[in-house]
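Fold and contact review
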Amino acid sequence: MTGAKGTGVSGAARQAELPMLRAYRLWFEHARKCDDCRRVSRAQDGCECGRGMWGAYRRAYGGGGG
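Report follows, based on the coordinates.

With that settled, the discussion passes to the overall build of the protein. When helices and strands are tallied, the protein shows 4 helices and 0 strands. Ordered by position in the sequence, the α and β elements of the protein form the string α-α-α-α. By the burial criterion, 21% of the 66 residues in the protein qualify as buried. Restricting to contacts in the protein with at least 6 residues of sequence separation, those with at least 24 account for 29%. As presented, the protein carries roughly 5,100 Å² of accessible surface, and 52% of it is formed by carbon and sulfur atoms.

Okay, structure coming up:
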């Protein structure tokens, strides 16, 4: 990546983020911090909030409900 320092994402890059990738990133960040979501092997088995985020990702991906 040109012009990027470190691993941070610039504000402009974050604004141009695809809805599917944004939904996945939000779920992933939640799952890393949530004890309930971290313990399960499937996203559908996580906490209520995590399941909702996973469902939003599935809808954005075009995979239907979740």
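Turning our eyes to something else, we now look at the environment of glycine 50. Mapped onto the elements, glycine 50 comes out in helix H4 (residues 48–61). Judged by its relative accessible area of 0%, glycine 50 is buried. In the structure, glycine 50 is positioned 16 residues away from cysteine 34 in sequence and 8.3 Å away in space, judged by C-alpha atoms.

Calculation rules
- Residues numbered from 1 in each chain as written.
- Predicted model: local features only at pLDDT ≥ 70, side-chain atom pairs only at ≥ 80, totals over all residues.
- Heavy atoms only, no water.
- Helix = DSSP H or I, 4+ residues; strand = E, 2+ residues; numbered from the N terminus.
- Buried < 20%, exposed > 50% of the residue type's maximum accessible area, 1.4 Å probe, protein only.
- Contact = heavy atoms within 4.5 Å.
- Areas by Shrake-Rupley, 256 points an atom, 1.4 Å probe, with all protein chains shown as cover.

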